[in-house]
Amino acid sequence: MQQNGKSVETDTLNSLVTGAIWRAEQLEAHGIGSAPQAWSEVSSLEEELAKVISVSESEGRIARRGAVRAALKAGEYARAHALAGSYAAEGAAPGSLKAGLRKILEEDARAMERRFRYAAKQHSLREARDLARRFREAGAFGLAA
Amino acid sequence: METVAFYSYKGGVGRSLLLANAARFLATLGKGVVALDLDFEAPGLHYKLGGAQSSDLTSRVGGAVPYLIATAEGSTSPPPLEAHTISLPVPAGGDGWLRLMPAGPAPHQKYWAAFKELGERLRLGDPSGQGLMAVLDLQARIADELKPDYLLIDARTGVTELGGLATTILADTVVCMFVANQESLDGTLTVVEALKAAPRLANQKPIRVVPVLARTTAKPPDDERFATGVRRLLEMGQGKKGEGKSEPTLFALPHDEVLGAPERVVGGERKASAFSPLYAAYLELFQKLFPSRSEPARQVLERLKAVADVRRELTSARLEFGELFSPWSASAIQEGVLCKAAPHRGKESRYADLVCSSETGQPLMVVEYVADATEDQALEFWGKSTNVRCVLLLASDQRGYVKRQIFTRGIDARELHSSDRQWDLPRPREFELLRDVGDRSVESMLDAVRHGHVEAVAWLVNEWRDSSLPVAEMRPFHRGGPWRPERAQRILDGLAATEDLRCAEEILRRAAPGGYYPWRGERHFREDWLFGEELERRMADDLFAPLFWRLPVEAVLKSMEPRHFPGEVPSLAGYRLLAHELMGLPYDPNRSAAEEARLLAARLPASDEHRDDAEDERALMWLHRSREEQVERVRLSDEAPPALIWEEVFRKEPFWRGTLDEAREKVGEQAKKLLESNVSLRSRLRARAERRELAAQGLLGTYEGSGRIELYLPVITAAAEVLSLSPRYLKSVVFIHLSTWALAHEARDLDGQRGYGFAPSPRTGPFDRESPAHVTLVQAFADRLIRRLNDANLQATFEQLSKHQPGPYSRWGAMRKLPLEKLRMLLLTARASAPALGLPSANDVQ
């Protein structure tokens, strides 16, 4: 039953995520502003799938990668990094998953560097992110720290 | 590319104005500059840099806000920068370039709509680093594509994310502006401390902070807290190098009316009118901010200071010499002119800092600041390719001392030559007066007077004073060179030779005692300075008095006319030279008139209760009459003289009897015709000359008992022709003779007696003649006066005339052997009459 229940839930989630991905891709393809929200929904559904499917199963690894990728597409950079960190820390996580997650994040960074190619020639994205964090935490001029 | 952000904790400090001036300055001096307006909440840089075309400019381009909206999330094909920046013109002569990226088309609604959208899309704190990268990408793209030398950022006032990013991350240098109050200083200190502590990107140098105190008309708080804050700012930032070994000081930008109030952008401008205290402070600051342009900034500053100094001098009124040194009008001076060579003199052109032109627009003088060692080139161009008559070259030496060199040439001369004048810049009138404005020598000025330029007179009189007074302390303002009596004499002789009547009048007016100092437009009281009395005495005795006798009589008569101040009778100084110095007689008609008034008052009975007032009034009237007599004592007459009237009447009726008036009535018409007929008159005078009958008294002029002297102009002129003499000097000689006679008669001796013995003959008959002895004495004193004046023309005229005059007129030669004291004794004796000798009068006998 449990297995059946899980199966039912997995099937439902799979069909939901399939539809959500199709929707998000369509929105993105047509340049519609709500695409990030759609990818956020995709990420959430993938995250739910990852919860019910073990990392040892290939579908579970796909869902984990999908959750991180969709979060990045949604512009939820922090969440994506948090998910990637937690998935990589799972005890049964194979090396291939860890490498895959790292690759996704690296690809995202490279994509951003391509979009900001002039800045990227002079500054590393990591530094920019560190500074952004400081901005977030300490405010303008760091005066709120 | 170096990025400089201009920041202020509080608004209204002139931040955008400073940035705009810096941008123009750098572009003018050969640098590529991009000005970026990141003050999104209150954008206005396009107003400062775009001026009147500001709205037109921003309607054609986007700006930083639309650009960042397009690139906030990154883009592999970002919009072209050209669509979001404006190329601005650089002042003439500048060889750099300037582009502006405005914030957007502010203040139009579409800008604010875009600004709102940007706020939603650009989040600098976004953990992906996207927002930060968008701004960094803009800066990097500007550096990569436009390749400017400088990016100048107008950062948002206060504490904002974008302001923080612009100052802590984008900038290499931050100019922190504040005003002189504690609130502004405290806020600035907080921000500067944060700036210094803020993390930087790996390849960035530590941030450089330059605090600047703006709008310094307000007095800074005079307390320790403010001073401590300023010291702390200077510890963290870079200040101005202090004088000597003192600590650095803050850069301070004064508020002024030239740039500050109208918010003018003149950075890099070389025109002197752009110079102001604020601009000078800008240039000083730019030397610090832009070390690579430090030397040009210093040169521009020196150039502007030097040219502005010259311009101020040229347009400032001098306090002396009236119109001679009236300044150049502002409209006569053009600034920053690219002068072309005159036609057929080549095709070159050259930049002149100032061009001074005549009223007709003819360039007369140019002023050029010669930055490098190009003096020879400058001289070559101005000398050979133009017709300017004066070139002033300014050059700074290594110590910053501005050297002036003035080169001039005569009206028709081809070559410019060095002039001794260095600080004394030529004034517009000098170009009319002097053939060569570089030659303001005595001779040159005298030449101007000879050509009727009355303005040169004041200068010459002043030079005479400075040259003749032995001690500088005796001169007003203690000015002038050493004692130069020979020079003073040259000036005196030159002035005395003046023929132009207007100039001669001006000479006597300027030289007159009474202290008329034209530069003050008021009477100068001699008590105003220690040697005033001595100066007046010397002016009267040594300048006015000789000129009174030597200048044309017509001008002398003008000098006798009433002056601005009652009682001012300058001619007395002339008469005193003869009466006091030579004849030994006190001559003071005012005192005599006062005494006569007293005697009169004593004789008349008191008419009312106010006896004192009535007496005073009568005395005043008497005095007034005396002065009128002084003013009217000499007259130039066109009438026929008594000698010719008698001659005419006896030609008509040899045995006619009657008075002079009757004779004048009878033959007046014939005498008039005779005067009008030059040939007849000369013929008569030639005959008289041969008979030695050209008497001064009765023919050339008359002195009458009423105290009046008349000079018969037609007769003197004709006589001058007959004797081949200058009529001008002949008039003076006759005037001297008759004046000597008049003084011998009118001046009182120490007993208060007049010279009754010199009373003129009543001329009731044709054979009335003056006593030969008296004529001889008068001629002897006239001779003494002329010798005292040391005027060769007068002397020659006197001697030549006397050869054609009756015997007593020519005995002056023999009288020269007598010492002056002996001559004076003879005069006293000759003046004596019955009252003088104390003999009883006819009334006493009765």
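Just so it is clear, the structure is predicted and the values come from calculations on it, not from any experiment. (Residues numbered from 1 in each chain as written. Chains lettered and ligands numbered in written order. Predicted model: local features only at pLDDT ≥ 70, side-chain atom pairs only at ≥ 80, totals over all residues. Heavy atoms only, no water.)

K.L.:
Help me understand the overall build of chain B in this model?
P.N.:
Per the secondary structure count, chain B includes 33 helices and 19 strands. Scored against the burial criterion, the 846 residues of chain B give a buried share of 55%. Excluding contacts between residues fewer than 6 apart, the proportion of contacts in chain B whose partners are at least 24 apart in sequence is 68%. Of the accessible surface of chain B, which amounts to about 37600 Å², a share of 51% is contributed by carbon and sulfur atoms. (Helix = DSSP H or I, 4+ residues; strand = E, 2+ residues; numbered from the N terminus. Buried < 20%, exposed > 50% of the residue type's maximum accessible area, 1.4 Å probe, protein only. Contact = heavy atoms within 4.5 Å. Areas by Shrake-Rupley, 256 points an atom, 1.4 Å probe, with all protein chains shown as cover.)

K.L.:
Where do I start with the interface of chain B and chain A in this structure?
P.N.:
Interface size, as often reported, equals the accessible area lost upon joining of the parts. With 43 residues of chain B at the interface, the matching set in chain A holds 25 residues. For the pair chain B and chain A, the summed buried surface comes to about 3000 Å²; carbon and sulfur atoms form 70% of the total. The interface formed by chain B and chain A includes one salt bridge. Between B:Asp144 and A:Lys121 there is a salt bridge, and its shortest N-O distance comes to 3.5 Å. Applying the counting rule to chain B against chain A returns 10 residue pairs in polar contact (both at pLDDT 80 or more). When residues of the side of chain B that touches chain A are traced back to their parent elements, those giving at least two are helix H6 (130-146), helix H7 (161-170) and helix H8 (182-197) of chain B. When its residues are assigned to classes, the side of chain B that touches chain A shows 19 nonpolar, 16 polar and eight charged. (Buried area = accessible area lost by both parts, 1.4 Å probe. Salt bridge = Lys/Arg side-chain N within 4 Å of Asp/Glu carboxyl O. Polar contact = N/O pair within 3.5 Å; in protein donor to acceptor, adjacent residues only side chain to side chain. Nonpolar A, V, L, I, M, F, W, Y, C, P; charged D, E, K, R; others polar.)

K.L.:
Help me understand the nonpolar core in this model?
P.N.:
The nonpolar side chains of a soluble globular protein tend to be buried with one another. Residue and element names in this part refer to chain B. Counting residues in hydrophobic clusters, the biggest one holds 117 residues, and the most contacted among them are Leu460, Leu547, Trp549, Tyr575, Leu685 and Phe735. With 11 residues, the top contributor of residues to this core is helix H27 (residues 727-746). When residues of this core are assigned to domains, at least three map to each of domain 3 (445-571) and domain 5 (634-832). Those residues within four positions of Leu460 in sequence are excluded, and the remaining contacts are Val442, Met445, Leu446, Val449, Ile491 and Leu495. (Core = buried A, V, L, I, M, F, W, Y, C linked by side-chain atoms within 4.5 Å. Domains from an automatic or database assignment.)

K.L.:
Before we go on, may I ask you to explain the sheet that holds strand E3 (residues 86-88) of chain B in this structure?
P.N.:
Across a sheet, strands are paired by hydrogen bonds formed along the backbone, either parallel or antiparallel in direction. Residue and element names in this part refer to chain B. Pairing in this open sheet of eight strands is mixed, and the strands run E3-E4-E2-E5-E1-E6-E7-E8 from one edge to the other. Either end of the sheet is taken by a strand with one partner, and the two such strands are E3 and strand E8 (251-252). Packed on one face of the sheet, helix H10 (residues 277-289) meets strand E1 (2-8), strand E6 (173-178), strand E7 (208-213) and E8 and runs near 170 degrees to E7. (Pairing = 2+ DSSP bridges. Axes fitted to C-alpha atoms, helices over the stretch in contact; angles between N-to-C directions.)

K.L.:
Where do I start with the confidence of the model for chain B in this structure?
P.N.:
Residues shown with low pLDDT carry predicted positions that ought not to be read at fine detail. All names here are of chain B. Confidence along chain B averages 84 in pLDDT terms, with 85% of residues attaining 70 or more. Here residues 518-527 scores under 50 on pLDDT; set against residues more than four positions off or in separate chains, the count is 19 contacts. Considering only residues more than four positions removed or in separate chains, one finds that residues 841-846, a stretch of pLDDT under 50, has zero contacts. The complex prediction reports pTM at 0.64, with the ipTM value standing at 0.83. (pLDDT = per-residue confidence, 0-100.)

K.L.:
Would you take a moment to explain the pairing of strand E11 (residues 363-369) of chain B for this structure?
P.N.:
Consecutive residues of a regular strand have side chains that alternate between opposite faces of the sheet. Residues and elements named next belong to chain B. Most of E11 sits out of view: six of its seven residues are buried. Pairing analysis gives four bridges linking strand E10 (residues 349-357) to E11, with the strands arranged antiparallel. Within the sheet, the bridge partner assigned to Val355 lies in E11 and is Val366. Turn length for the E10-E11 hairpin, with the two strands adjacent in sequence and antiparallel, is five residues, and the turn residue Gly361 shows positive phi of about 90 degrees. In the sheet, E11 pairs with strand E12 (residues 390-396) via five bridges, with the strands oriented parallel. If you follow Glu368 over to E12, its bridge partner there is Leu393.

K.L.:
Hey, could you run me through empty space enclosed by the protein in this one?
P.N.:
Think of a ball as big as a water molecule: rolled over the atoms, this probe shows where empty space is left. Taken as a whole and judged by the stated rule, the model has four cavities of 30 Å³ or more. Considering only enclosed or pocket space, the second largest cavity measures out at about 110 Å³ in volume. Put simply, the parts of the chain that give the lining of the second largest cavity at least two residues each are helix H7 (125-138) of chain A together with H7 of chain B. Each residue belonging to the lining of the second largest cavity can be placed in one class, and the counts come to eight nonpolar, three polar and one charged. (1 Å grid on protein atoms, 1.4 Å probe; cavity = no way out; pocket = protein on both sides within 12 Å on 5 of 7 lines; lining within 4 Å. Points joined across faces, edges and corners; volume = space filled by probe spheres on them.)

K.L.:
For this particular structure, what's the right way to read H6(B)?
P.N.:
An α-helix turns once every 3.6 residues. As a result, residues three or four positions apart point the same way. All names here are of chain B. Between the first and last C-alpha of H6 there are 23 Å, a value that for 17 residues agrees with the 24 Å anticipated at 1.5 Å per step. Within H6, 14 of the 17 residues are buried, leaving the element largely enclosed by the surrounding structure. Looking one or two places after H6, you find Lys147, whose phi comes out positive at around 50 degrees. (Expected span 1.5 Å × (residues − 1).)

K.L.:
Got a minute to help me understand the packing of H8(B) against helix H9 (residues 224-236) of chain B in this structure?
P.N.:
Helix packing geometry: the angle between the two helix axes and the distance between the axes. Residue and element names in this part refer to chain B. Where H8 meets H9, the closest approach of the two axes is 10 Å, and the angle between their N-to-C directions is 25 degrees. Accordingly, the angle class assigned to the pair H8 and H9 is roughly parallel. Seen along the crossing, H8 lies across H9 with a hand that is left-handed. Within the contact between the two elements, H8 uses Gln182, Leu185, Asp186, Thr188, Leu189, Val192, Glu193 and Lys196 and H9 uses Arg225, Phe226, Gly229, Val230, Arg232, Leu233 and Met236. Residue composition of the contact of H8 with H9, grouped by class: seven nonpolar, three polar and five charged. (Parallel < 35°, antiparallel > 145°, perpendicular 65-115°, else oblique. Left-handed = near helix turned anticlockwise from the far one by under 90°.)

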